[in-house]
Every structure is written in C-alpha cells, then in structure tokens.
Number of protein chains: 4
Amino acid sequence: MIESLKKEVLDANVALGESGLVSLTWGNVSAIDRDLGLVAIKPSGVDYAELSIESIVVVNLQNEVVEGAFKPSSDTKTHLQLYRSFSEVGAVVHTHSPAATAFAQAGCSIPCLGTTHADHFNGDVPVARALSSDEVVSDYEGATGISIVECFNELGLDPMAVPAVLLKHHAPFTWGETAEKALENSIALEMCAKMALMTYQLRPNAAAIPQHILQQHYFRKHGEEAYYGQG
Amino acid sequence: MIESLKKEVLDANVALGESGLVSLTWGNVSAIDRDLGLVAIKPSGVDYAELSIESIVVVNLQNEVVEGAFKPSSDTKTHLQLYRSFSEVGAVVHTHSPAATAFAQAGCSIPCLGTTHADHFNGDVPVARALSSDEVVSDYEGATGISIVECFNELGLDPMAVPAVLLKHHAPFTWGETAEKALENSIALEMCAKMALMTYQLRPNAAAIPQHILQQHYFRKHGEEAYYGQG
Amino acid sequence: MIESLKKEVLDANVALGESGLVSLTWGNVSAIDRDLGLVAIKPSGVDYAELSIESIVVVNLQNEVVEGAFKPSSDTKTHLQLYRSFSEVGAVVHTHSPAATAFAQAGCSIPCLGTTHADHFNGDVPVARALSSDEVVSDYEGATGISIVECFNELGLDPMAVPAVLLKHHAPFTWGETAEKALENSIALEMCAKMALMTYQLRPNAAAIPQHILQQHYFRKHGEEAYYGQG
Amino acid sequence: MIESLKKEVLDANVALGESGLVSLTWGNVSAIDRDLGLVAIKPSGVDYAELSIESIVVVNLQNEVVEGAFKPSSDTKTHLQLYRSFSEVGAVVHTHSPAATAFAQAGCSIPCLGTTHADHFNGDVPVARALSSDEVVSDYEGATGISIVECFNELGLDPMAVPAVLLKHHAPFTWGETAEKALENSIALEMCAKMALMTYQLRPNAAAIPQHILQQHYFRKHGEEAYYGQG
C-alpha cells in the first residue's frame, strides 16, 4: 500500500511541475494513508523533473521519517497539521502560484465572483492570519498549520467544501480527497484568482455571485445530487 | 453522416483542449446535423486528451441520448436551446476562458474597440442576465439557453453577425456554422477581451471603433462581398 | 532570385506563426526585391502551418499578381505603399499582437520608457490617424498605407530609425531591411508595449528615458559606430 | 578548468534562452574562475540556440579577450565591475525580463511583499540611479557597474543577501555563487516582480512582509542554520 501512496505522490508532484503553477521548486504535494497513519511527501528542494519513487519521503503523523533517504519538504509540519485536524483530507498541495499568492500578499480573500469559482469552492477562499514572532521562532511550519485550522474554525467553514486557504504574506495551500483532486483545486484556485484580478480591473466593486447560482454550480459537481461527470 | 459529425466534434474538442482557452475540463463543443436533427457533444467531465470517437455522445433536440455510453456535457440543454432558436447555428462552444469570463463576472459587454473585434463580431458582445432562483432550481441549463435567446431578441441582434455571448456571473458561449468556426470565435473572443482589458488600462474611456471602420472590417471577412481568404 | 525572396517570406511567416504574436491568421509578412520591383507576401487567410513555397504570392508594386495561385494578403496594398514611400524598407510585418494593439485601440503612442525600447526604436512609436468614411470606402488598405506615410512625414520621423507604427483602432505594422529584422521589430514592439503597460500601472506618469541614454542604446546597435553583435 | 567554466556559462546561457525570461538576444550570463582571474561570457548578439562551447568568450578582469573568436557581450564591463567589487560573486546574469524591467523603468524598487521574495532576497531589491551624460559617453557599461556598487554601498546592502539590482530606465542584473544560482535569482526576481504588480493592483498600499517572517524564510534557505533542501 505504501508503494501506491508513494506513486500517487510522485505522479502528482511531477504533474505539479508541469502545470505551470510553480517556478523553481516552489511547491509540494503530499498524500496520506489513513489506515497506516503515514504520509508520503516531496523531498525538500529537489527539481520535479528529477523526482523518482525512491526520492519520495514517508513520515508518520508525528513527523518522523519512516522511509526514504531524503529530507522531506520543509513544509511537512504544515501538511501534517492539516491531516490531523481535517479528517477527510487525503492530500495536500502547496504552491506559490502567482495570482493566488498576490491575494495572499495583499491579505485579501478570493471572492466567489462566478461559476468557475463556485464549481470548486463553496464560497470565498479565506486568508489565515500572519504568525507572531514567537510562533515563527518556536515552530514556524507547525504554527502555519494551526493558523489554517483556526481560520476554518473561526469562520465555521467545512474544509471539504472550501478546500483552499491563503496564508497572509505567504501563498496558498489546497487539499482534496486524492492528490489528483488536491492538484485540481490548486489549478482552479490560480485561475479563479487570475479571473478575479481582471474582474476587479473592470469593476472594482464587482458583486459576488448570487447565492442561488453559487449553490447550483457547487452542488452540480459535489455531493449526492451531483450530475457533472461520469461518476 | 453521424460518424462525420462525431469526428468533427471530437476534433474540435481536442483542439479546444490544446487551445490554451481551458483549464481542467472547463469547456465543451457540440455540432448539429440539421437533416438528422441530431447533436454530437463532449461527454461530461472527461479530459480532452482522453476523448475518442466512441466517447462522443449523440442526443436529439429533446435531449434524449441516441448514441454513446457516456453522459453528455452537463451544459447540453443550453446548447440545444441555441440550436432550436438560432436556425443557422451549426456548432456551439462553451469555455471559461479567463479574460472573457472576467467580463462576464463584471457584467460588462465586450466593446468593439478595434478591427480585431470587428473582424469577427459585428458589434459589442452582450451579457445575458443572471437567472432567478426559480429558473435555477427548475431547469438551470435550459433557462441559461433561454436567457441567451431573450438577450439577442431584446437587443435585435443577428446571432450569426455576433456569434458570442457572455452569461452574467458565468462565462462565454460562442457559435458558428461549423465546429472549427465556432472554436475560432472562442479564440477571437478571448483575445478581444484581453486586448480590451489592456486598452481600458491605458484609457478608461476608450472610444468604440468608428462604425464605418467596423463595417469595413466585418464585411471584408463576411457576406457576399468578402475579400479576405481564398474562398 | 525570386525563389530566395519567396523562401525568405515563407520562413518569416512560419516564424511569425510560431512567435506567439498572432492568433488564428492575424498577421502577415512580405519582402521586396528592389531590383526586380517584386514583392512576395503571405496568401490571405491561410494557416501558418500550412504554408509552402508554392503558396507564397508574388506581386509587383502596382498590386498585380505576377506569380502564385493564391490570393495575396488582404493587407497587400498597405505593404506596397510602404515599399513605394520608404525606399530603404526591405520587409514589412503586420500583426495584431495584443499589447501593441491595445495601444493602437487606445490611440496612444508607445513611449520610450527604457533601454529595451531604445535598442530597437529611436523614440516613441507613433499612432497614425483613423481613416475617414470616404477613404475606407474607396480604398481601405491603400489609404491605410498613405496614413502611415503621412504620419511619418508630419512628425519628421526616419522610418528606418523608428521602424514601427500603430494604426488607430487597428494594430501595428513594423518593417526592416530583411524579413528577419522586420519580425524582430514586431517581437520587440510587443514586449515594449507590454513593459510600458506594467510601468504605467506602477507609475502612471512614468518619465521617458533621458535622451542621452536613449541615444547611447540606439547607437550601440545601429549605425556606423554600433558595437553590439558580431557584425 | 577553463573548459568547465565555459561549459557552466554555455549551459546557463542555453537555460536562460529556454527560461521564458528573454526575447531575442536580450540577456547574458557570465561566470568567473577566481583562481585564474578569468571570466567566461556569452558572445554579443548570438542566439541562445546557436551557442556552442567554442562561441563562449573568455576575458580577464581588465576586459582583454583571452580566448574565443567572438566579441564578448556588450555588457561585459558591467559584469567585470561586479566581479571586482563583490568578491563572493561567482556568476552574473542580465535580462530584460518584463515585470522586473517595468519596475526599473518606473524607478521603483521591488518591495518584499511575501515569502516568495524573502526566500531569495533578504529585503527590497534596489534601483541604481540613472547615469549622467558624461558617464554614458565616456564608459557606459563600466559606469553602469560602478552605479550598482555605489547603490549597494550607500544602502549598506550585502550583495550576497540581496543578489539583484534594477538599473533605472534599463533592466535587472542578478548574481550568485554559481551560474545556476544566479539564473535562479533572475527567475525568482521576475516572478516576485509579477506578484508585486498583482498585489499592488489589489491593494495599492500593500504592507511589506513583517521582518520576523522575512528573516525566517530567508534563513530557512540561506546561511548556517538553513534547513531547506538536501544540503
């Protein structure tokens, strides 16, 4: 089972490298096997084109390396916090995709301005607060994960209905049931951010999509009455 | 005949996937055989790279599947309404191309600011109104098609002279005599939207192209006195 | 000789198609053999990928087809006017490249804001006036060429020092000694327009480059004391 | 040793040509062998795709060609000044990448708005002043290098902590310990400039990243306590 988990993570990291979302090594994908309690993740600082099944690192939820000769992504503790707190999450993706990162840098949530957004995210994508100096010094990546969980709790958001977040001054994380779905959410998030920037150029006070259209599109693709796709 | 229709639709959907206009599976192409009264369309949620002639779905104008093992695009009823109301339309394309979608999200028609636009669309590309809650609940995709037809009727527009529309809060549809022409209109629409955004950045109140230049360019390419191309 | 002229024009049109400057068939390249008084040009409306040496059309300066089974570009008369009026021009390129076209649609010249521009154009790239209704009706493409020549005469510009123009409500033309150089000028023009748009976003009243830096860069690459390149 | 230096410079120039940062021949990479006191650099005006090991030029720090049949980059004296003044620099890259060039043209430093920037540059990327007419006439490229060194001295910046500069009205230079690292800094700089432009569109007065987050990210990747990557 662990080999298929590593293969899923390898494939998604290679796909991330080819997606146009990342420059250099600015992004990583992980996935969890809930039965084994193990997470496979990209090694830190390795080019996507040079990844192999052997270079994927396996850690447990206490951040101990279980398998692999490489160091895991420096963002591993953020991923682990998401798996511990969001029980339905099967995979996590971190990128610095430019338009979504611009919203993070501006400290602005990405508003739901149209059906493209509503097809993937049931409402605005929120911004988690900046970390304090103490948090940064003591456990930067762990505290990053905690700030995301706090943000969703405070806003009463279901992480599976809004599978993305922006970290203030930093960049986005997305997630999903599988690595493929989590990566699709990163692609959708970047495109929605790009469209929102252009929409705001045309109309700085553009209205959000009406709630009944948002719900129609979201539930066309998600939940028991979804009718999009072949599922 | 139905095989050549399916082939035309397959080729245009593959070309759409390679066009740069769509991310993920955010777009679909259909075409109609008017003699048979049958429409071939992309299957719902299938990647462009995985399409084959067998996966193309054939429906009649009452939205009954006539051939194919897959579910048709979730937007099929919108396509069918356009075929029923616009008798010269031979093919329909739906995308979420980013610049055109930004105009749709802003609720702004795409103005005819230059000859690039005039070469393809004889005037502004309009925005169809948002649907009511009742319309969304009872028949979302059918009501979407009706709102497009209403928009063209109210504005007195010839759908073959302005072969594109924006749906408020949603995205564009284009059409044409053939799937290839309908796709060309999607490509032209996105580029005109992109150019209009940059023009507005330079000059927020940029004037429309003078009517005599618009007509010259439109009729250079369309109608009996066209002299562009080898036709 | 005419075969090598046709080959130069074929290669430059193929390169234009691969340059990212044009969508669909929105651009064309021609070149002149001054000794023969003949111009080779792209056929109208043919895809760049389908061009062959046989499809290139040869016309004389009176716009009579001398060789080739295809119709020449619908913009041929504009090209010919430039060859007749600007005696040092060896090739002409027309595109609808998006950022330069946005300046044309806004009716704004492209200012010389930096050395990228100064390396290719010795000053601002001007906008030729819109044509009147009479001009459009009687000889649209010929009058377009005349408006460019008038623009350069009125501004006292040397067409070899500023080898580009914007047509109001339309798009750019560039030129050069060879088809390769004329195409390089189209690529440079689009990039300078794109950079100018971003510069204006940062600083709406950005100052032009000081004249002594402009001249240094222009003459580093052009004229008798040029020291850029291997020539 | 000189062959491996030339190979490093060849590979980095080819990678620059494929990076998407440069159009035409608008950029060059050099690297130094400090023991030999020799610098290998791109030949002037040669296409990246046509470069070979033989075409790379070797000069000494007095700008005398030591090896190679081609003329070195016209920017060679700027590179040499950086090697003479910044003793830890092993390689220099010059580009006209569009977003960074827009900041240079606007005369605006690139602010550190997020962790993407902080991962590569320990603070804002400054703008060196425009050159005077005398400087331009007497030794343009040499004076350009001197203006960069002055800028870093005046601001008290460590060139290895902020390995990039913008030249007013011109474009960026970056550097690093190796040609690969210097090129990575050019890629990071362009992406940070692009993100900053989008951030400013959303929030014209966007705040800089708090200093404690900046330092955390910078020292995660740099210095003795770095824990990013496999090093």
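Scroll up to find the structure.
Summarised in this report is the structure supplied together with it. (Residues numbered from 1 in each chain as written. Chains lettered and ligands numbered in written order. Predicted model: local features only at pLDDT ≥ 70, side-chain atom pairs only at ≥ 80, totals over all residues. Heavy atoms only, no water.)

Our focus in this paragraph is the side chain of C:Ser186. Positionally, C:Ser186 belongs in helix H6 (residues 179-202). Once you skip the residues sitting within four places of it in the chain, C:Ser186 turns out to touch C:Leu21, C:Val93, C:Thr95 and C:Thr174. (Helix = DSSP H or I, 4+ residues; strand = E, 2+ residues; numbered from the N terminus. Contact = heavy atoms within 4.5 Å.)

Attention now goes to the sheet that holds strand S4 (residues 65-67) of chain C. All names here are of chain C. Strand order across the open sheet formed by 8 strands is S4-S3-S2-S1-S5-S8-S7-S6, with mixed pairing between neighbours. Both edges of this open sheet fall to S4 and strand S6 (127-128), since each of them pairs with a single strand only. Strand direction decides the pairing type here: strand S7 (residues 164-167) and strand S8 (residues 172-176), joined by 3 bridges, are antiparallel. Residue pairing in the sheet places Leu166 in a bridge with Pro172 of S8. Packing of helix H5 (residues 133-155) onto the sheet brings it into contact with S6, S7 and S8, and relative to S7 it is tilted by some 120°. (Pairing = 2+ DSSP bridges. Axes fitted to C-alpha atoms, helices over the stretch in contact; angles between N-to-C directions.)

Superposing chain B onto chain C takes a rotation of 90° plus a shift of 0.0 Å along the axis, which leaves an RMSD of 0.0 Å. The two molecules are tied by a four-fold rotation axis, judged by turn and shift. Closest to the rotation axis within chain B is the C-alpha of B:Gln201, separated from it by 5.7 Å. Interface overlap between copies is the fraction of interface residues in one copy that are interface residues in the other; for chain B against chain C it is only 3%, indicating separate surfaces. (Least-squares fit on C-alpha atoms with pLDDT ≥ 70 in both.)

What follows concerns the sheet that holds strand S2 (residues 38-41) of chain A. All names here are of chain A. The strand order across the open sheet formed by 8 strands is S4-S3-S2-S1-S5-S8-S7-S6, and the pairing between neighbours is mixed. The strands lining the two open edges of the sheet, one partner per strand, are strand S4 (65-67) and strand S6 (127-128). Here strand S3 (residues 57-60) pairs with S4 via 2 bridges, running antiparallel. Residue pairing in the sheet places Val58 in a bridge with Glu67 of S4. Lying on the sheet, helix H2 (residues 76-85) is in contact with strand S1 (27-33), S2, S3, strand S5 (91-95) and strand S8 (172-176); it crosses S1 at an angle near 40°. In the packing of helix H3 (residues 98-106) onto the sheet, the strands contacted are strand S7 (164-167) and S8, and the crossing angle to S7 comes to about 55°.

All names here are of chain B. Counting buried positions along strand S1 (residues 27-33) yields 7 of 7 residues, so the element is predominantly enclosed. Alternating positions in S1 separate into two faces, Gly27, Val29, Ala31 and Asp33 on one and Asn28, Ser30 and Ile32 on the other, with burial throughout. As judged from the 5 bridges shared by S1 and strand S5 (residues 91-95), these two strands associate in the antiparallel manner. Within the sheet, the bridge partner assigned to Val29 lies in S5 and is Val93. Sheet analysis places S1 next to strand S2 (residues 38-41), joined by 4 bridges and oriented antiparallel. Pairing of Ile32 across the sheet is with Val39, part of S2. (Buried < 20%, exposed > 50% of the residue type's maximum accessible area, 1.4 Å probe, protein only.)

On to the nonpolar core. The nonpolar side chains of soluble globular proteins are, as a tendency, buried together. All names here are of chain A. Tyr83, Phe103, Ile148 and Trp175 are the most contacted members of the largest nonpolar core, which has 70 residues in total. Tallying contributions element by element places helix H6 (residues 179-202) first for this core, with 10 residues. Once you skip the residues sitting within four places of it in the chain, Ile148 turns out to touch Thr78, Leu82, Phe86, Ala128, Val165, Leu167, Phe173 and Trp175. (Core = buried A, V, L, I, M, F, W, Y, C linked by side-chain atoms within 4.5 Å.)

Moving on: the layout of surface pockets. Approximately 180 Å³ is the volume found for the second largest pocket. Considering the residues around the second largest pocket, the lining is formed by A:Tyr227, B:Asn63, B:Val65, B:Lys71, B:Pro72, B:Ser73, B:Ser74, B:Thr76, B:Lys77 and B:Glu141. Along the lines of polarity and charge, the residues of the lining of the second largest pocket split into 3 nonpolar, 4 polar and 3 charged. (1 Å grid on protein atoms, 1.4 Å probe; cavity = no way out; pocket = protein on both sides within 12 Å on 5 of 7 lines; lining within 4 Å. Points joined across faces, edges and corners; volume = space filled by probe spheres on them. Nonpolar A, V, L, I, M, F, W, Y, C, P; charged D, E, K, R; others polar.)

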